[in-house]
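Listed below, chain by chain, are the residues.
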Amino acid sequence: MPTSAFPRMANALRMLAADAVEAARSGHPGMPMGMADVATVLFQEFVKLDPEAPDWADRDRFVLSAGHGSMLLYGVLHLLGYADMTLEELKSFRQLGARTAGHPEHGHAGGIETTTGPLAQGLANAVGMALAERLMRERFGVELVDHRTWVIAGDGCMMEGLSHEAASLAGHLRLDRLVVLYDDNGISIDGAVDLAFSDDTLARFTAYGWRTRRIDGHDPETIREALRWAEGGTAPTLIACRTVIGHGAPTKAGTAATHGAPLGSAEVEGVRTALDWPHPPFEVPDEVVAAWRAAGRRSQTAREAWQARLEASPARTAFEAAIGGRLPSGWDMELAAHKAKLVETRPTIATRVASQQALTALTGAIPELLGGSADLTGSNNTKTERLVPISGTGGGRYVYWGVREHAMAAAMNGLALHGGFIPYGGTFLVFSDYSRPAIRLAALMGIRVIHVLTHDSIGLGEDGPTHQPIEHLAALRAIPNLWVFRPADAIETAECWELAVARDDGPSAIALSRQNLPSVRTSVEENLAARGAYVLADTTASRALTLLATGSEVALALAAKEELDADGIPVAVVSMPCWELFEQQPINWRHAVLGAAPRLAIEAASPFGWTRYVASEEDVMGMQGFGASAPAAHLYEHFGITVAAIVDRGRALAARGAA
């Protein structure tokens, strides 16, 4: 790259950002203008990519964790020559239907590796991507997997607690292919960051085991030398780039005024003058575009050589299946045999134990399944004998995430986005609150990530209300595109795992019991959990009452049915392991399952949401407040979720229906 061309190439990014935000009358021009010099050196000389093959498996991954500066990424992609990031898309920044959303959204265009905006999520995603690269390299060799993960993060990312969790983990695992460029501009929305933030960020990352350096983020030679240094490390690298937010703005540079609002037409014209950019909005001179397009072609030869190696590799089929997320042939055969055995043995076990049994079959059949737990392995039952732990020096397929639920969830997103893995991770259901932002983003992106959430109700007992989930099922069910499973026994648990693993368009959460539950299913000819809800026990007479239940309360409903049937009240019991799948069923199926008789729902959780299936919350036997510390059986009795209580409520409801 000629030294004389550099300022104009960087200034092209600045002006595209300023013009797009101005046209949209909305956006964040400051960060793109401040980090334009760093981005120009990075993409001109270091990031391995090919716009003609945006999904090249061995490309470097670039994550804009500071997603509010999205126009930096869009400008780079356009100038490099990504076909779907046209000039018209830049002109449509933040408009309905445009690829150029306010914050980068995975799937909108090639080169957008993840959805960012909630700060530090991208950084934690990148930890997962870097881990995926290392594990894939160990499995398939450096001939097929040899790339880096680059991140641009900001002050806000560094303030978020998630960055602490993720950076600590990355240092522990010595993810040496991870490089974070910290936009150290000293400004946040409220003003100077020292209003709220006085950390020594480099010292913090050094303590995590990272290599760190501070540079002038506007000096291309310094930037170049630092990036070369980063490539030679044996640990993750943080480079703090001291920049001026809104660089080039004559009166607003270096102030919060450039952070999250258009500069204003007069200021934008002042930028043109300051940068010697005598071109109208969105116009980039041909020679500048040509220089950027040459950078976009820089790795084509490397990509073609890689393709030749892949085609000659005996591992090609396995590699393409792994990176493409395709399950191996016969992946469900061992699971089918396991389910058949469950019909014979009819075990009384906790569904968390049943989950581990299902995982034993699946982890043996699917090399891409990668498990883990947030310091609750023995409680979540997420590790099987087929999984070797991952360490800082070697590979495996089980991550001891430590007490880092949020980092676990966000890094699992990165593992899934990178390709090559189907990640699952465990914690208690009550601690899904710590993971929720990352779960939501997985649902938004439509990626296959599985959350194992044990100790799913007051049934966990003595640990008390701090650990007993109440509102959590309702909160998770409120997330669009998230499948929330709560199986009733070992067979349903295996069925839910089968569905979660096979799903390739979104995440799943499996809520599992601590306490033992009896078997309620007697056949496995059809995966009935795939229906979301089904009649588990019917009546030959016309229904007088339908009992709806999930998880541990299904057995209570079955016991209540026996008493009510004996009283001459014909009852059907419906197991509802997944509301989301039930809502996808044909309307005639849903009507047949729910029936026309009065309905009573039983779930040891908040009644919120059940009114889509019952007449009112009065027809839900659940938890109206927090739990308590006591043995599980005493708690069910104390809170009135018992067979006797169901029978009493059922009689009254059936009587009202008959009146």
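Let me begin by describing the structure that accompanies this report. (Residues numbered from 1 in each chain as written. Predicted model: local features only at pLDDT ≥ 70, side-chain atom pairs only at ≥ 80, totals over all residues. Heavy atoms only, no water.)

### A look at the side chain of T539
Note the following rule: Helix and strand assignments follow DSSP, with helices taken as H or I runs no shorter than four residues and strands as E runs no shorter than two, numbered in order from the N terminus. The definition of a polar contact used here is a pair of N or O atoms within 3.5 Å, where within protein one atom must be able to donate a hydrogen and the other to accept one, and adjacent residues in sequence count solely through side-chain atom pairs. The contact criterion used is simple: two residues touch if any of their non-hydrogen atoms lie within 4.5 Å.
The topology assignment puts T539 in the loop between β16 (534-537) and β17 (545-549). At a separation of 3.3 Å, a polar atom in the side chain of T539 contacts the main-chain amide nitrogen of A541. Not counting residues within four places of it along the chain, the set of residues in contact with T539 comprises K561, P570 and V571.

### Overview of helix α1 (residues 6-24)
Rules: A helix is expected to span 1.5 Å for every residue after the first. Categorising residues by exposure relies on relative accessible area from a 1.4 Å probe, with only protein chains included: less than 20% of the type maximum marks a residue as buried, more than 50% marks it as exposed, and the intermediate range marks it as partly exposed.
Here α1 contains 19 residues, and its C-alpha end-to-end distance of 28 Å stays within 8% of the 27 Å for a straight helix at 1.5 Å per residue. Taking burial as the measure, the 19 residues of α1 include 15 buried ones, the bulk of the element. Of the residues flanking the end of α1, it is R25, one or two places downstream, whose phi is positive at about 60°.

### Section: the sheet that holds strand β6 (residues 211-216)
The cut-off we apply is this: Any two strands with at least two DSSP bridges between them are considered paired. Axis definition: a line fit to C-alpha positions, over the contact stretch in the case of helices; interaxial angles, taken between N-to-C directions, run 0 to 180 degrees.
Spatially, the five strands line up as an open sheet ordered β1-β2-β3-β7-β6, and their pairing is parallel. Each end of this open sheet is capped by a strand with a single partner; those strands are β1 (61-64) and β6. Here the average twist between neighbouring strands, direction ignored, is 20°. In terms of strand pairing, strand β2 (residues 149-154) meets strand β3 (residues 178-184) through six bridges, oriented parallel. Bridging across to β3, G154 finds its partner in D183. With respect to the sheet, helix α8 (residues 201-208) is in contact with β3, β6 and β7 (237-242), its orientation differing from that of β6 by roughly 155°.

### A look at the layout of surface pockets
Rule in force here: For each structure, a 1 Å grid was placed over the protein atoms alone; sets of points admitting a 1.4 Å probe that cannot get out are labelled cavities, open sets with protein on both sides within 12 Å along at least five of seven lines are labelled pockets, and lining residues have an atom within 4 Å of a point. Grid points are joined across faces, edges and corners, and a volume is the space filled by probe spheres set on the points. Residue polarity follows a fixed list, in which Ala, Val, Leu, Ile, Met, Phe, Trp, Tyr, Cys and Pro are nonpolar, Asp, Glu, Lys and Arg are charged, and the others, Gly among them, are polar.
In this structure, the largest pocket occupies an estimated 620 Å³ of space. Along the wall of the largest pocket there are 28 residues; nearest its centre are H106, I323, A416, L417 and G419. When residues of the lining of the largest pocket are traced back to their parent elements, those giving at least two are α13 (316-323) and α17 (405-418). With three residues, α17 is the largest single contributor of residues to the lining of the largest pocket. Its volume calculated, the second largest pocket comes out at about 220 Å³. Residue lining of the second largest pocket: 18 residues in total, with H68, L119, G156, S188 and H259 positioned closest to the centre. Looking at the lining of the second largest pocket, the elements with two or more residues in it are α6 (155-159) and β4 (187-188). At four residues, α6 tops the list of elements feeding residues into the lining of the second largest pocket. Of the residues contributing to the lining of the second largest pocket, the split by class is seven nonpolar, eight polar and three charged.

### Structural notes on unusual backbone geometry
Despite not being glycine, R174 shows a phi value in the positive range, around 55°. Topologically, R174 is positioned in the loop between α7 (161-173) and β3. Of note in this structure, R346 is not a glycine but carries a positive phi near 45°. Summarising the element assignment, R346 is placed in the loop between α14 (333-345) and β8 (349-350). R346 sits in the partly exposed class, given a relative accessible area of 36%.

### Structural notes on the sheet that holds β17
Strand order in the open sheet formed by five strands is β16-β18-β17-β19-β20, with mixed pairing between adjacent strands. Sheet topology places β16 and β20 (620-621) at the edges, where each strand pairs with a single neighbour. Sheet topology note: the β17/strand β19 (residues 599-602) ladder contains four bridges and is parallel. Bridged to A549 within β19 is I602.

### Re the packing of aromatic side chains
Any aromatic ring pair is given by two values, namely how distant the centres are and how the planes are angled relative to each other. Note the cut-off: Stacked, tilted and edge-to-face are the three classes applied to pairs of Phe, Tyr and Trp rings, where Trp contributes its six-membered ring and a pair requires centres within 6.5 Å; stacked means planes under 30 degrees apart, edge-to-face means over 60, and tilted covers the rest.
Within this structure, the stated rule accounts for 17 aromatic pairs. With 6.4 Å between their ring centres and 65° between their planes, F46 and W150 make a pair best called edge-to-face. With F46 in the loop between α2 (30-45) and β1 and W150 in strand β2, this residue pair connects regions lying 104 residues apart in the sequence. Of the residues examined, F46 reaches a relative accessible area of 8% and is grouped as buried. Residue classification places W150 among the buried positions, given a relative accessible area of 0%. Between Y424 and W497, the ring centres sit 5.5 Å apart and the planes meet at 80°, which makes this aromatic pair edge-to-face. Taken together, the residues span a long stretch of sequence, with Y424 in strand β11 (residues 422-428) and W497 in helix α20 (residues 490-502) at a distance of 73 residues. The residues Y424 and W497 share a single accessibility class, namely buried.

### Examining empty space enclosed by the protein
By the definition in use, this model includes one cavity of 30 Å³ or more. Around the largest cavity sit F43, V47, L49, R59, D60, R61, F62, L73, L77, Y82, G111 and E113, which together line it. A per-class count over the lining of the largest cavity returns seven nonpolar, one polar and four charged.

### Let's talk about the pairing of β3
Burial runs high along β3: seven of the seven residues are buried. Alternating positions in β3 separate into two faces, L178, V180, Y182 and D184 on one and V179, L181 and D183 on the other, with burial throughout.

### Some points on the pattern of salt bridges
Basically, it comes down to this: The salt bridge criterion pairs a side-chain nitrogen of Lys or Arg with a carboxyl oxygen of Asp or Glu, the two atoms within 4 Å.
Under the definition given, this model contains 34 salt bridges. When the shortest N-O distance is used, the salt bridge between R99 and E89 registers 3.8 Å. Here R99 is found in the loop between α4 (87-91) and α5 (121-140), whereas its partner E89 is found in helix α4, with 10 residues between them in sequence. For R99, a relative accessible area of 33% corresponds to the partly exposed category. Looking at E89, the relative accessible area reads 17%, which means it is buried. Close ionic contact of D505 with R503 constitutes a salt bridge, the shortest N to O distance being 2.8 Å. The exposure class assigned to R503 is buried, which follows from its relative accessible area of 4%.

### Topic: the nonpolar core
What counts is decided by this rule: Nonpolar core, defined: a set of buried Ala, Val, Leu, Ile, Met, Phe, Trp, Tyr and Cys residues in which side-chain atoms within 4.5 Å join the residues together.
Of all hydrophobic cores here, the largest spans 65 residues; its most connected members are L42, F43, L181, L227, I239 and W292. For this core, the leading source of residues is α1, giving 12 residues. Aside from chain neighbours lying at most four places away, what touches W292 is M9, L13, T40, F43, Q44, V76, L79 and L80. Formed by 64 residues, the second largest nonpolar core is a distinct cluster that contains A132, L135, L169 and W306.

### Describing the packing of α17 against helix α18 (residues 432-445)
Spelled out, the test is: Geometric relationships in this document are graded by angle, where less than 35 degrees denotes roughly parallel, more than 145 denotes roughly antiparallel, 65 to 115 denotes roughly perpendicular, and other angles denote oblique. For any pair of crossing helices, the crossing counts as left-handed if the nearer helix is rotated counterclockwise from the farther one by less than a right angle, and right-handed if it is rotated clockwise.
Contact geometry of α17 with α18 gives a least axis separation of 6 Å together with a crossing angle of 20°. Relative to α18, the element α17 lies roughly parallel. Where α17 crosses over α18, the handedness of that crossing is left-handed. Contact residues: E405, H406, A409, A410, N413 and L417 in α17; Y434, S435, P437, A438, L441, A442 and M445 in α18. Partitioning the contact of α17 with α18 into residue classes produces nine nonpolar, three polar and one charged.

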